[in-house]
Amino acid sequence: MLVPYFDLKKQYSSLRDEIMEALDRACSNAAFILGEEVGEFEKEFAAYCEVKHCVALNSGTSALHLALLALGVTPGDEVITTPNTFIATAEAICYAGAKPVFVDIDPKTGNLDPALIEPAITERTRAILPVHLYGRPADMKPILEMARKHNLAVIEDACQAHGARYRGRRVGSIGHAAAFSFYPSKNLSAYGEGGALTTNDAGIAERARSLRNHGQSGPYTHERIGYNYRMEGFQGAVLRVKLKRLEQWNARRREIATLYRSLLQGAGVEIHPDDSRDERVYHLFVVYVERRDAVRTALEARGVHTAIHYPCPVHLQPAFAFLGYGPGSFPHAERACERVLSMPFFPEMADEQVRYAAEQLAEVVGAV
Ligand SMILES: Cc1ncc(COP(=O)(O)O)c(C=O)c1O
């Protein structure tokens, strides 16, 4: 059997007619940049996230950048975040002229360890940027408490967590602002680049709206230097079709994760337990194994394709060498990156594929 790591083609075949109609609507209205489809998507996604405002953008990276700017992060500031994330989280902090300050993860969750935040706070700290990694909500309660105590902004990187709930609240509605990505592999994805900023604060939304469109406050009136971060009309049209299916896809992701868990019990792989107070959306299904690269090669030979998110923590990336961290700076994040393995995972996966992939993993882990 061949089990692909990811497959978007199956999803498209089930949506084709509706997508074609939606793209035709955007073409008929000649609304290619922002426009009605994007405006409607903003309302629908805000309602879905249980938040007052959504600003549709051209990527999750742009959403992080604008969230930082709209919250007043300026050159010389420091922003506390996790090294166990996609590089865009830390890049966006640099775009704002600020310095990423990493703290290690909790090895039981893979997310930023709230207990380590306070010692990292200095008089330059302006914000905390937790990531809901792999669709698992970061532990927001102690993060919000710390932020309140030290008067800091909280920006959620929800790029991998559309629809997740932390203690009943949707991610994206918990901090001062949040960033979502609609990159094609995400739980909710565009047919190209896409992103959104969500917030309950009208001022943040207004600044982000202006910044995404060259700092305009009205036609050809530019209040500030802005960016071209606008969402395309086609992407709004596609996202509206897909948003209606998101709950169903997330439910299927949870079902597949449950099946993997039960099949892998006693197989000698580590899987972080769920927190029953929260609702994860499983952007990825990751396991932690020793001799990960050998396991991966052996799985490949048996037709099971896997991926690694991420092979190197951000603080050890060459691009961030200037921050002066080295091996051993964040041992839990480093250890996670050495052992993490993303199993084949997408809502259209058949149970037999999950079973085959899990069986092969169990055999390979016992053998390498
Ligand atoms: C955690 C995280 N942050 C930020 C981003 C950046 O999103 P985008 O690729 O849409 O710019 C991504 C997506 O790749 C992500 O996974």
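For the structure given in this document, a descriptive report is provided here. (Residues numbered from 1 in each chain as written. Predicted model: local features only at pLDDT ≥ 70, side-chain atom pairs only at ≥ 80, totals over all residues. Heavy atoms only, no water.)

## Concerning the site of the ligand
So, point 1. For the ligand, the set of nearby residues contains 16 residues, the closest of which are G60, T61, D157, S181 and K186.
So, point 2. G60 has a polar backbone atom sitting 2.8 Å from an oxygen atom of the ligand.
So, point 3. Side-chain polar atom of Q160 to an oxygen atom of the ligand: 2.8 Å apart, as the coordinates give it.
So, point 4. Contact with the protein chains hides 93% of the accessible area of the ligand, taken as 390 Å² for the molecule alone.
So, point 5. Those elements that place two or more of their residues in the shell around the ligand are α3 (60-70) and α4 (88-95).
So, point 6. In terms of residue count, α3 provides more of the shell around the ligand than any other element does, three residues in total.
So, point 7. For the shell around the ligand, the residue count by class is six nonpolar, eight polar and two charged. (Near = heavy atom within 4 Å. Polar contact = N/O pair within 3.5 Å; in protein donor to acceptor, adjacent residues only side chain to side chain. Areas by Shrake-Rupley, 256 points an atom, 1.4 Å probe, with all protein chains shown as cover. Helix = DSSP H or I, 4+ residues; strand = E, 2+ residues; numbered from the N terminus. Nonpolar A, V, L, I, M, F, W, Y, C, P; charged D, E, K, R; others polar.)

## Some points on the packing of aromatic side chains
The geometry of an aromatic ring pair is captured by the separation of the ring centres together with the interplanar angle, meaning the angle of the planes.
So, point 1. If you walk through the whole model with that rule in mind, you get 19 aromatic pairs.
So, point 2. Ring plane angle 70° and centroid distance 6.1 Å describe the contact between Y12 and Y191, whose orientation is recorded as edge-to-face. Here Y191 lies in the loop between β8 (177-181) and β9 (195-199) and Y12 lies in helix α1 (residues 9-28), a separation of 179 residues in the sequence.
So, point 3. The class of Y12 is partly exposed, set by a relative accessible area of 27%.
So, point 4. Members of the aromatic cluster, connected to one another through ring pairs, are F41, F45, Y48, F180 and F182.
So, point 5. Above the ring of Y48, the side-chain terminus of R170 is found at 4.1 Å from the ring centroid. (Phe/Tyr/Trp six-rings, centres within 6.5 Å; stacked < 30°, edge-to-face > 60°. Buried < 20%, exposed > 50% of the residue type's maximum accessible area, 1.4 Å probe, protein only. Lys NZ or Arg CZ within 6 Å of the ring centre and 35° of its normal.)

## Focus: the pairing of strand β5 (residues 153-157)
So, point 1. Across the five residues of β5, five count as buried, placing the element largely inside the fold.
So, point 2. What you see with β5 is no split at all: A153, I155 and D157 on one side and V154 and E156 on the other are buried throughout.
So, point 3. Tracing the backbone out of strand β4 (residues 125-129), into helix α6 (residues 140-150) and back to the parallel element β5 gives a crossover that is right-handed.
So, point 4. Bridge count for β5 against β8 is three bridges, and the pairing is parallel. In the sheet register, E156 faces β8, and the bridge partner there is A178. (Right-handed = clockwise from strand over helix to strand, strands pointing away. Pairing = 2+ DSSP bridges.)

## Notes on the side chain of R165
So, point 1. Note that R165 resides in strand β6 (residues 165-166).
So, point 2. In this structure R165 comes out as buried when scored by relative accessible area, which is 17%.
So, point 3. Within the local environment of R165, its side chain forms a polar contact with the backbone oxygen of G168, the two atoms lying 2.9 Å apart.
So, point 4. Filtering out sequence-adjacent residues up to four positions away, R165 remains in contact with E50, P137, R170, V171, D278 and E279. (Contact = heavy atoms within 4.5 Å.)

## Things to note about the sheet that holds strand β1 (residues 53-57)
So, point 1. As summarised here, the arrangement of the seven strands in space is β1-β9-β8-β5-β4-β2-β3, forming an open sheet in which the pairing is mixed. The outermost strands of the open sheet, each flanked by one partner alone, are β1 and β3 (99-102). On average, each strand axis in the sheet is inclined to that of its neighbour by 25°, with strand direction left out of account.
So, point 2. Here strand β2 (residues 78-81) runs beside β4; their pairing, made up of four bridges, is parallel. Within the sheet, the bridge partner assigned to T81 lies in β4 and is L129.
So, point 3. Sitting on the sheet, α3 is in contact with β1, β2, β4, β5, β8 and β9, with an inclination near 165° to β8.
So, point 4. Those strands touched by α4 are β2, β3, β4 and β5, and its axis lies near 140° from that of β3. (Axes fitted to C-alpha atoms, helices over the stretch in contact; angles between N-to-C directions.)

## Some thoughts on the environment of A46
So, point 1. Take A46: it is sitting in helix α2 (residues 35-49).
So, point 2. Here the alpha-carbon distance between A46 and D113, two residues 67 residues apart in the chain, equals 28 Å.
So, point 3. If near-sequence neighbours (up to four positions away) are discounted, A46 is found in contact with V51, K52, H53 and C54.

## What about the pattern of salt bridges?
So, point 1. Counting across every chain of the model gives 29 salt bridges.
So, point 2. As a salt-bridge pair, R165 and E50 come within 2.9 Å of each other at their nearest N and O atoms. Pair noted here: R165 is in strand β6 and E50 is in the loop between α2 and β1, with a separation of 115 residues, a long-range link.
So, point 3. For E50, a relative accessible area of 43% corresponds to the partly exposed category.
So, point 4. Salt-bridge contacts for R277 lead to D275; the nearest nitrogen and oxygen are separated by 2.8 Å.
So, point 5. If you follow the salt bridges from partner to partner, you end up with D139, R167, D275, R277 and D278 in one network. (Salt bridge = Lys/Arg side-chain N within 4 Å of Asp/Glu carboxyl O.)

## Quick word on the pairing of β9
So, point 1. Burial runs high along β9: five of the five residues are buried.
So, point 2. Summarising the sheet, β1 and β9 pair through five bridges and their orientation is antiparallel. The partner of C54 across the bridge, within β9, is T198.
So, point 3. As paired strands, β8 and β9 are joined by four bridges and run antiparallel to one another. Counted as the bridge partner of F180 is A196 from β9.

So far we have only geometry, and geometry alone does not tell us how the molecule works.
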